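# Tertiary structure, described
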Amino acid sequence: MDLFSTYTAELERYAGEVLTAPVGSYKKRDIRESLFSTQQVEQHLRSLIPIEELRDAGSFFTGDDMADEAVEYFGRSISAKSLIVDPACGAGNLLIASSKKLPVTKSSLRKTLRVWGRCLAGLDLFDVFVEATKLRLILEAVSRGARPDILDIDEAKVLFPQIQEADAFDHGIALKRATHVIINPPYHKMAASNSCEWADGKINAAAKFMDLVSANVGRGTYVSAILPDVLRSGSRYEKWRALISSKLKCSVLSAGRFDSKTDVDVFLLNGRAASPGSAPDWLGVEHCAKTIGDYFDISIGPVVPYRDKQAGVSSPYIHPKQLPLWEEVRTQEIKETWNYAGTLKKAPFVAIRRTSSPSDTYRAGGTLIKGTQKIAVENHLIVVRPKSGRVGDCRKLLKVLQNNKTNDFLNQRIRCRHLTVSAVKEIPWKGELCE
Ligand SMILES: C[S@@+](CC[C@H](N)C(=O)[O-])C[C@H]1O[C@@H](n2cnc3c(N)ncnc32)[C@H](O)[C@@H]1O
């Protein structure tokens, strides 16, 4: 992230000018539209740092509206006695949004920053981001009317002793003292620790961060988090959800796509550390008496083309690109083959495309496969076989999948870009939809 120092150096020059200029030279709007702005931070971040490096570190910063929404949960609970901690603060977007709840002493920037410095704590692995956070908080205070009475920018930065370069996992202490935690953690994959009780192997870093937060905060602490949808809806995170529900009395709210450049849907988790109460409604869907899982067996296609050798009997082979949406295909008509040694699938069944987004016209697009031959099915398809073995039930299923109510259900149930077996199993199977 060292390249980001080009931006922080420019920002520091600008902040220095603001502090030393005659009072009133810089209006609120000048500062808000300067290098200080979230848009400018984002633009510099993306032009200076290769996207792969940003992905590896999970360095995607929160937009102003979403940051304000996350802070809104704190309501009137913030005062000059609060300690608001962002354990993965980046360039400070969430701390700046939080500072809007703190008082400003118009006559003195120094007095204002003394209070803010006591109330705001932030950690990040990268010093360039920590520097940007401090500089932007100083500019935020001036833009809110605090008269610059510190001429030296270094002297102003020193007033934020709790905003530091540190690994949050080595620094639980800040969380223990927090009255409020605000967080948009990184979402990349990382190894679960040996002591992790709810998963092993690679997990989403956001889940690990929330485990850290919930384990360290004291009773009554407010927590507001922006998290990837997979934690809310993925089967792999069921134990994680139980753990969070046991430590935080919380609610969840889908918040749509993170931003126009980041194709990940997120949700807001708002809660307070408390004795376990009732668990939140993580999925937010109506529980239906009858679902697709009652009438169909559901599995993922087993063929993984880059991994599986052509080492078995030649069989008809299907994958999403070759299947016409909503049509019926006979096994005898399938031209492509795979010499597959694993499990072949017996028709009739509906093949549903796994890749799926809330912006698609149909979340679960299907093709009916009928006929007598057993076939090899690629891993980007979900196989949905009627327990009755009847083609008629597959036709009813296609109608259910095309119904808007199914789209609405899936858009609430799972906003990740891949459907899961559990989500398909839970699709309501109501009489009116299946006629
Ligand atoms: C998704 S960004 C969010 C930044 C900021 N809170 C915001 O909302 O704009 C996550 C930040 O966490 C930082 N980070 C990643 N791993 C960390 C760790 N172990 N300890 C502290 N910060 C970390 C990254 O450098 C990145 O700046």
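Structure: see above.
Structural notes, computed from the coordinates. A quick note: this is a predicted structure, and the numbers were derived from the prediction, not measured. (Residues numbered from 1 in each chain as written. Predicted model: local features only at pLDDT ≥ 70, side-chain atom pairs only at ≥ 80, totals over all residues. Heavy atoms only, no water.)

### Structural notes on the site of the ligand
- Around the ligand, the surrounding shell holds 25 residues, and the nearest of these are Phe60, Thr62, Ala88, Asp124 and Ala168.
- A distance of 2.8 Å is found between a nitrogen atom of the ligand and a backbone nitrogen or oxygen belonging to Ala88.
- Note that a nitrogen atom of the ligand is positioned 3.0 Å from one of the side-chain N or O atoms of Asp167.
- Taken together, the residues of the shell around the ligand break down into 16 nonpolar, six polar and three charged. (Near = heavy atom within 4 Å. Polar contact = N/O pair within 3.5 Å; in protein donor to acceptor, adjacent residues only side chain to side chain. Nonpolar A, V, L, I, M, F, W, Y, C, P; charged D, E, K, R; others polar.)

### Some remarks on helix H13 (residues 238-247)
- Along H13, the residues that are buried comprise Trp240, Arg241, Ile244 and Ser245. What you see down the axis of H13 is that its buried residues fit within an arc of 135°, all on one side. (Buried < 20%, exposed > 50% of the residue type's maximum accessible area, 1.4 Å probe, protein only. Helix = DSSP H or I, 4+ residues; strand = E, 2+ residues; numbered from the N terminus. Arc of directions from axis to C-beta.)

### Notes on the environment of Ser357
- Mapping Ser357 onto the fold places it in the loop between strand E15 (349-353) and strand E16 (366-370).
- A relative accessible area of 14% places Ser357 in the buried class.
- The spacing of Ser357 and Gly342 is 15 residues in sequence and 30 Å in space, taken between C-alpha atoms.
- The residues touching Ser357, leaving out its near neighbours within four places in the chain, are Arg363 and Arg417. (Contact = heavy atoms within 4.5 Å.)

### A short note on the pattern of salt bridges
- Applying the stated rule across the entire model yields 20 salt bridges.
- With a closest N to O distance of 3.1 Å, Arg29 and Glu33 form a salt bridge.
- In this structure Glu33 comes out as exposed when scored by relative accessible area, which is 54%.
- The salt bridge involving Lys101 is made with Glu72; its shortest N-O contact spans 3.9 Å. (Salt bridge = Lys/Arg side-chain N within 4 Å of Asp/Glu carboxyl O.)

### Brief notes about the nonpolar core
- Leu113, Trp116, Met210, Trp240 and Leu269 are the most contacted members of the largest nonpolar core, which has 99 residues in total.
- In terms of residue count, the dominant contributor to this core is helix H8 (residues 127-143) (10 residues).
- Among all residues touching Leu269, those that are not within four sequence positions of it are Met210, Val223, Ser224, Ala225, Leu227, Ile244, Leu248, Cys250, Ser251, Val252 and Trp282.
- Judged by nonpolar contacts, the second largest core, of 26 residues, contains Ile292, Cys394, Leu397 and Phe409. (Core = buried A, V, L, I, M, F, W, Y, C linked by side-chain atoms within 4.5 Å.)

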